[in-house]
Structures are given as C-alpha cells and as structure tokens.
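Structural features, examined
Residues per chain are reported as follows:
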2 protein chains.
Amino acid sequence: MRAEIVGVGTEILVGDICNDNAAWMSRALADIGVDVLHHQAVGDNRARIAESIRLAVSRADAVLVTGGLGPTQDDITREGLSDALEIPLEREPQVERFLRDLYARWGRPMPEANLQQADVPRGGRYWLPKRGTAPGLAVQASDGTRVYCVAGVPAEMREMMSDHILPELSALAGPATLAYRSVKVVGVAESRIAELLDDLFRAGGNPAIAYLAGHGEVRVRISAKAVGLAEAQAMIEPVEREVAARLGDAVFGYDEDTLEGVVGRLLVRHGRRLACAESLTGGELGARISETAGASEYFLGSAVTYTAEAKHAILGVSQEVLDGPGVVSEACAREMAEGALRAFGADVAVSLTGAAGPEPHDGADPGTVFAGLAVAGQPSAGRVREMHLRGDRAMIRRWSEQQALDLVRRHLQGLPEPPAATVPVSASGN
Amino acid sequence: MRAEIVGVGTEILVGDICNDNAAWMSRALADIGVDVLHHQAVGDNRARIAESIRLAVSRADAVLVTGGLGPTQDDITREGLSDALEIPLEREPQVERFLRDLYARWGRPMPEANLQQADVPRGGRYWLPKRGTAPGLAVQASDGTRVYCVAGVPAEMREMMSDHILPELSALAGPATLAYRSVKVVGVAESRIAELLDDLFRAGGNPAIAYLAGHGEVRVRISAKAVGLAEAQAMIEPVEREVAARLGDAVFGYDEDTLEGVVGRLLVRHGRRLACAESLTGGELGARISETAGASEYFLGSAVTYTAEAKHAILGVSQEVLDGPGVVSEACAREMAEGALRAFGADVAVSLTGAAGPEPHDGADPGTVFAGLAVAGQPSAGRVREMHLRGDRAMIRRWSEQQALDLVRRHLQGLPEPPAATVPVSASGN
C-alpha cells in the first residue's frame, strides 16, 4: 500500500514550523508496512489544497491530510477536499451537537462560524475528537483512494492516527511489516563504509541498506519487509551480522544507542568512574556524558580549562609543555588527562585540546585536535589520538567529542587504537 | 517570485529525519520577499525525483532541491535533475580537480565513484563548497525556471543558500520586501508577555506581532511588508520601541542575539573574565558560552563538579555545607561560585547546582536549582537565584543556564534582580 502525506498550512511554507507531523506519520506508517512515497506541503489556499489532494489521490492508495480543520476563516481544508474529490460538504447534526455541547460545558458562547467544523463530505465518515474540536474525516475518492483529514495540532493528529487511521490502514495493508536495524559506526567515513558494503548495497531490494551520516557517526540502516515482524527480523539478521563483521570494531552500537550511552554502560560494567579535561569543547563533552539519566553513577565531572593558566592551575599542566609544544599538542593532551585523573580521583580520564577555529589557536591550524586518555595505576594504558578535522566550529567540536568518547570505549573494550588511516580527517558530511 | 522546495531522501519519507531544511529555506526565502507555495519530499528514486522536479518547474519560478548530492550510490539527484530537464550531465574538470586535491590533502585515496560529484548539467553553473564535497548546482529549465540543487547536510545547504542562491534570488525578486525584527526576552512567561502586548497583537495586519517561545526565552517577532527594506523597517520601528518599553529589562537582545553572546559582549566591554562552576548542567553552560568564536577573550573555563567530592576538592565547597544544607542549596551555589572565582582567578563567576531529574537529588525535588554569582573584590555583589522548574531533564538544564546567564547579564548591566514573581517557575512550553 502506497501513502502520501499532504500538510496544509502557510506556517509550514514560511518556515514558522517544521513539518514534524509528516515525520511522525511517516514513521507510524512505515511501522505498519505502508510505503510513503511523497510528502507535500501547501498553504491555506483552497485551489492549491485541492490541486495537491488531487495529485496525491492520483498516485497513492491512501492520502493523509493534516491541518486546516480548525474553526477560523483560514481553515479551508474541508473545502479543498470537497473541490478535489467533487463531493459536496454536508453539515453533520451529530458533530454540530458535539460542538454545541462542548461550548456549553466550557460555559462559553460558540461563534456560529465554528459550525464549519461540523461539515463532512457526503458519504464520508468522521471521528469525534477526544482533544480539540476538529473531527477526523475519512472519505473515498471515485478511484477508491482513501483520503483522511486530521487536525494539524500534533496531539490531535496523533490521537486520530493512533485511534482510527493506523488500525484501519494496518488492516488494509495486511500482514506486511517493515523492520529496521541500525548499525552505528564511529571513526570511519561514509564513503569508506559505502566501499566496504558496496555489494550488499547493490543487492538492494529486500532487505535493503541505507547510510545516514551525521554528528560524527554513520548509521547503516538495514530494513526488511515481511508478513510479520519476526519474519522481517529474521531477514535482517544475516545482513546485520555481515555488516557488523565487515565494519569490525568501528561498530559501537545499534539502533538508539548513543556513543556516550555505550561508554556509560561500559563504565558501569567495569566499575570505573570517568573524569574529563576539556578545552576547545568548552564543556560539551561533559554535557553529553551527563545527559543520560544515571550518569552520576560513573561521571565525576569535567575541568573545562579554556586558557593556558587554567590548564596549569587546575590540571597541573607543566610550564615546560605550555612554553614548549604549547596547549595544542600531544604532551598537553596527555598532561590534561593525567591532571583530570588526579583532580577528580578518577579511574579513567579523557582530555581534549585543540583549535576549534575559525582562527588558529596557539599556532595550530583550526581542526588540529588532540584527545588524551589516562588510566589510574596504568601509565602504559595512556594514549593520545591526533586529528586534523575540517568543518565549522560546531562540527570540529562534535567530531572531537566523538573521538574522545571512542578513545574511552576502545580502552574499556580492550580494543587497539584504529589504524591512523581510519581516523577521519574530514568533519564534513559525516 | 514563486519558489518551490523539493527535499530528496528516503530518510524524510520514513520519518528518520524531519525536513528542517525546508523550514530554514522557507524562512530565508520569506525574508527576501520570495513566496514559497509548495514543499515536496521524495525518496531516493530517480523516476520520482525527476517527476517531482518537473512538477515544481511547471509551477514555480525558482526550484530549490536539497539532498541526494553525496558520493554514494543512493545519491541520484543529479540524474533525476538531468531526466527532468532533459539536459545531460557532463563531468566538470574543475570540480574533479577540486575533489582530487581535497582527498590528496587529506592523505586518503579517493574512491573513483566519488567523481559523480563532479557531474554538472550541460550549460549549468556550479559553486565549489567550503564545507563538504558536494558542489551546489544551478541550471535553467527550458521555460526559464531556475533550478538549484544543494546538499542535504544542513550546514552545507545553508552555506550554498547564504553565499550564492539567496543573493541571486534576492536580486531577481526585486523590491517587495518583508522585514522582521525580533525582541528577545528572558525570565518572563509567554502568557505574561501576551497580556502585556495584547492590544498590539490584536491590531494585527501590517506590521504584525507574533510570539515564539522556546529554549527558555521568548521571541516577540514584529514583521512588516513594504516596497523596500527601509520602508518596512520604518514601519517596524515604533512598534519595536513600544514593545521594548513595555517589557523593560527582561529584554536581553534583538534578532540573532543569544543570551550567551550578549553576556560575552558585556564581559568584553567591562574588561571582565568569567568562570563557571556547574553541576546539573554537566558542562553545557560552559559549552554554550564558548560556542561564540572569540570567547577565549573573556571565558576562562568551567569546573564541572558532578559529585560532592569534586565540589569539595576542586571548588573548596566546605564540609559544613555538604553535611548541612547539602549540594542543592543556596549555600552550596554561593560557595561554588566563590570557588570558581578562586580556582580560575576570574573577575566574575557563576554557579549552578540542582536536581535535573528524573529522580530527586540529595533530597531536593527535580527542578530545584540554585544559581550563584560571585564577583572578585565585591563580596556584597554576590547573589543567589532560587528556581523551581518543571519539565524534563533537558528543559530543566536549559532553563537553569538561562537563569545563570541572566544573573551575569543583570550584574554587568547594573540591573536589580527581577522581582521573584517574574522568575519562571515552569519550564514547560517556554
């Protein structure tokens, strides 16, 4: 079954809101095995609403329209729908009663104009809402396409979808379920992953592979469609195993795993407590680690030392390093990590120092970053990773954090450092 | 001028990402007086990409396509564009050289498949990217419609839009301009602002007022449309003055101002250097302050002390406070700020301690937060703000940071603390 989503509202077209409804509906439809092939967004204009619905009806089995069902003059989705399907609107007495009762209960006079919300296309169905005042509408076009209209307020949309439309479409779509599995990778560029998985990607079809790069990591998403969830998952399983085998220890997790969450679980499992020493990231590394509820079990804190003086005073970075190789150096990263270990009494400490740009910092080009690791009682476990990243300030910071977290992950998992060639040198697009 | 935005990427249609690019582009186009009449989103399917572009070309003067310009096999926007316009692609030697140089500089072999990024429609133009590897494309359809293709990575899209496409379209769109002015407010709830500005809001029309709440601040946006920018701005000016007068010292800035940026400018102007002491925010306060390029001029660092031990060891919080009122207390916030002042040798220090939730922390309910201020050589300038916030972990953290930054702002501007009643007690929706 093919579906299309039409978002109605000038606020979408002027960028006042992002069309989150379409994203939510798409996920919900994918979960019941319905393919969404197009999204459209159109303003509060009767002719253009009608044209968009006609187009959607011409190419989909189910059309879901959101927005423009309110009580005000610019809510004209009902009229656009009527024009598109050439089906007149009729005032539905039950809905009218529902509206009048609602206002009576609120103790407020109902503007007569609000009764437009009681208009239903002839022969169509409606669902009274638990939230808000707009009934959901369902009507069939002459070619059999099912058209559904729901309010644009997210909670009202979700109510109509969950209570009525998704169950109906799920029954119509029959027992076809889409299952997903994401393999999450850090430290390898998307193009390199594409090379490694080229034949699996080309095999295409069902199961299929897609790449999603962003925020310093790549998600390899495997999807499969089958009559049931168990069958779809069984189709994914061998592909997932093959993908994981080829990508090796660059795989840090699956599905909703975050790198900081994975590191947190490893710290708990090994009974270790972590401290950070930050410079260019300004506290963002600590902020990410502590975003996870329960982080206080393993996170002690972070010394954000933005100046050379602070690195010396708080982390004990030596005057020799500051006067010699400087703050953007392997030596400084090592001393910062060791300093954090001492200052917080941590078991493991990780440091980041570098130039986030746009200007060079202490003689180092923007994107030059060192991440250091120190382990209590194991001086030989100490290591430093050097990076040369490209991108804007935010991207360089984000990539640096990924590398610092990966350093901790590899230490805790007993993995060697990746070969230098696989340490990403570009922050763009990944 | 009428524009249409076509988002390419199966990740949009399955709801993996929200089409934020379309929202950003719509806002940017509205700002230069270009009307966006439709959005479309389509998957990584050559025929459907071509069909969507054809439809957009048939009804718009400018078509903006995002996504599908990457180096992998599922990046096929170029091919879809070529099919839609019936214009062949040609390998552009300059782009090829750019790509080869880039990889050479990275010291990495370039997968030959990446050269598809050097393909440009015959007779079209291209812009080499500063970020990423995908050139922006511009080509004219046979009916004169301008079609632009940019990468889907938001930072890369915005670069091409800001540097090339928006200036070009702005020149073409001519003198019908929409001007905006945002008055930014911290520490006052949206509903209170709506009360204060009710008559201005009801006046409506041109200029018009809108409220946008989020991230712990409220933006009051005044918009006006006129034949020229100067005329539109002149219409905004008296409304802006009235809004600012009614909202008083809760106004911290305008337009793109951020609270951390405003604080940074004040620190520079007064020649003061700031340090932070954080607990529940985990480093996010420091991260935000240091996001601004040039922050090293006034930001020394942040002691993120997530445990009581770290508060004692690094910030010198006294055992009496830890054993007495505890870490979520006015006394602890005060000692943390004083400790940061000492540890960093700062002129001004601000602290945050509290319970971010979901569990109570040290006996304090989630949302109980104290922000402390300490000023070198001026013990009497010290103050603590107490908050009882509602919301999830991320909201409570964000609100806390806003309050800490506002504490510093008011100190540097010589403003009194706001009356307790205006310190927000709910983090929901604002």
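Now for a look at the structure at hand. Remember, predicted model here, so these are calculated numbers, not experimental data.

A look at the interface of chain A and chain B
Many structure descriptions define interface size as the accessible area lost when the parts assemble. At the junction of the two partners, chain A supplies 77 residues and chain B supplies 75 residues. Of the roughly 5700 Å² buried between chain A and chain B on both sides combined, carbon and sulfur atoms contribute 54%. For R59(B), the salt bridge identified is with E51(A), shortest N-O distance 2.6 Å. Taken together, the connections running from chain A to chain B amount to 27 residue pairs in polar contact (both at pLDDT 80 or more). For the side of chain A that touches chain B, the residue count by class is 33 nonpolar, 23 polar and 21 charged.

Focus: the sheet that holds strand β17 (residues 383-388) of chain B
As a general point, the strands of a sheet are linked pairwise by backbone hydrogen bonds and lie either parallel or antiparallel. If you walk across this open sheet you meet the 10 strands as β17(A)-β16(A)-β15(A)-β13(A)-β14(A)-β14(B)-β13(B)-β15(B)-β16(B)-β17(B), and the pairing is mixed. Two strands bound the open sheet, and with one partner strand each, they are β17 (383-388) of chain A together with β17 of chain B. Strand-to-strand, the axes of this sheet are offset by a mean angle of 15°, without reference to chain direction. By the bridge criterion, 5 bridges tie strand β14 (residues 299-305) of chain A to strand β14 (residues 299-305) of chain B in an arrangement that is antiparallel. Bridge pairing links T305(A) to G301(B) in β14(B).

Looking at the pattern of salt bridges
Evaluated as defined, the whole model comprises 61 salt bridges over all chains. Taken together, the shared-partner salt bridges connect D249(A), R383(A), R385(A), D406(A), R409(A), R410(A) and E417(A) into one network.

Concerning the environment of D35(B)
All names here are of chain B. In this fold, D35 is placed in strand β2 (residues 35-42). Sequence separation of D35 and A84 is 49 residues, and the distance between their C-alpha atoms is 23 Å. Once you skip the residues sitting within four places of it in the chain, D35 turns out to touch M1, R2 and A3.

So, the side chain of K184(A)
Residues and elements named next belong to chain A. Checked against the element boundaries, K184 lands in strand β9 (residues 177-185). Comment: no salt bridge for buried K184; closest opposite-charge side chain is E217, at 4.2 Å. Polar side-chain contacts of K184 include one of 3.0 Å to the backbone oxygen of D255. Excluding residues that lie within four positions of it along the chain, K184 makes contacts with E217, V218, R219, A250, V251, F252, G253, Y254, D255, E256 and D257.

Here we look at the state of the cysteines
Taken as a whole, this structure holds 1 disulfide over all chains when the rule is applied. Covalent S-S linkage joins C18(A) and C18(B), the inter-sulfur distance amounting to 2.5 Å. Disulfide C18(A) to C18(B): torsion about the S-S bond roughly -120°, handedness left-handed. With one member in each of two chains, C18(A) in the loop between α1 (10-13) and α2 (20-31) and C18(B) in the loop between α1 (10-13) and α2 (20-31) form a pair that bridges those chains. For the pair C18(A) and C18(B), a shared accessibility class is recorded, and that class is buried. With no disulfide of its own, C276(A) lies 15 Å from the sulfur of C332(A), the closest cysteine sulfur. Under the relative-accessibility criterion, C276(A) is labelled buried at 0%.

Some points on the sheet that holds strand β6 (residues 125-127) of chain A
The strand order β6(A)-β7(A)-β8(A)-β3(A)-β1(A)-β2(A)-β2(B)-β1(B)-β3(B)-β8(B)-β7(B)-β6(B) describes an open sheet built from 12 strands, whose pairing is mixed. Across the chains shown, the open sheet's two edge strands, defined by having one partner strand only, are β6 of chain A together with β6 (125-127) of chain B. This sheet shows a mean twist of 15° between the axes of neighbouring strands, independent of strand direction. Here strand β3 (residues 62-66) of chain B runs beside strand β8 (residues 146-150) of chain B; their pairing, made up of 5 bridges, is parallel. Bridged to L64(B) within β8(B) is Y148(B). Packing of helix α4 (residues 77-85) of chain A onto the sheet brings it into contact with β1 (2-8), β3 (62-66), β7 (136-140) and β8 (146-150) of chain A, and relative to β8(A) it is tilted by some 170°. Along the sheet, helix α3 (residues 46-59) of chain B contacts β1 and β2 (35-42) of chain A together with β1 (2-8), β2, β3 and β8 of chain B; its crossing angle with β2(B), the most-contacted strand, is approximately 170°.

About the cut-offs
Sequence order as written defines residue numbering, which begins from 1 separately in each chain. As they are written, the chains are lettered A onward and the ligands numbered 1 onward, keeping that order. With the structure being a predicted model, the display of local features is reserved for residues of pLDDT at least 70 and the display and counting of side-chain atom pairs for 80 or more, all residues being used for whole-chain, interface and lining totals. Side-chain metrics in this entry use all non-hydrogen atoms of the structure; hydrogen atoms and water are not considered. For this analysis, residues touch if any pair of their heavy atoms sits within 4.5 Å. Buried area is understood as the total, over both parts, of accessible area removed when two parts are fitted together, assessed with a 1.4 Å probe. Each salt bridge in this description consists of a side-chain nitrogen of Lys or Arg and a carboxyl oxygen of Asp or Glu lying within 4 Å of one another. Under this definition, polar contacts are N or O atom pairs within 3.5 Å; protein pairs additionally need one hydrogen-donor-capable and one acceptor-capable atom, and for neighbouring residues in sequence, both atoms have to be side-chain atoms. Charged means Asp, Glu, Lys or Arg here, nonpolar means Ala, Val, Leu, Ile, Met, Phe, Trp, Tyr, Cys or Pro, and polar covers whatever is left, Gly included. Should DSSP find at least two bridges between two strands, the strands are taken to pair. The numbering of helices and of strands both runs from the N terminus, where a helix is a DSSP run of H or I of at least 4 residues and a strand a run of E of at least 2. Lines fitted to C-alpha atoms define the axes, with helix axes restricted to the stretch in contact, and inter-axis angles between N-to-C directions lie between 0 and 180 degrees. For every residue, the accessible area obtained with a 1.4 Å probe (protein chains only) is divided by the maximum for its type, and the residue is called buried under 20%, exposed over 50%, and partly exposed between those limits. Only four residue types enter the tally: Lys and Arg on the positive side, Asp and Glu on the negative side, with His and both chain ends excluded. What counts as a disulfide here is a pair of cysteine sulfur atoms lying within 2.5 Å.

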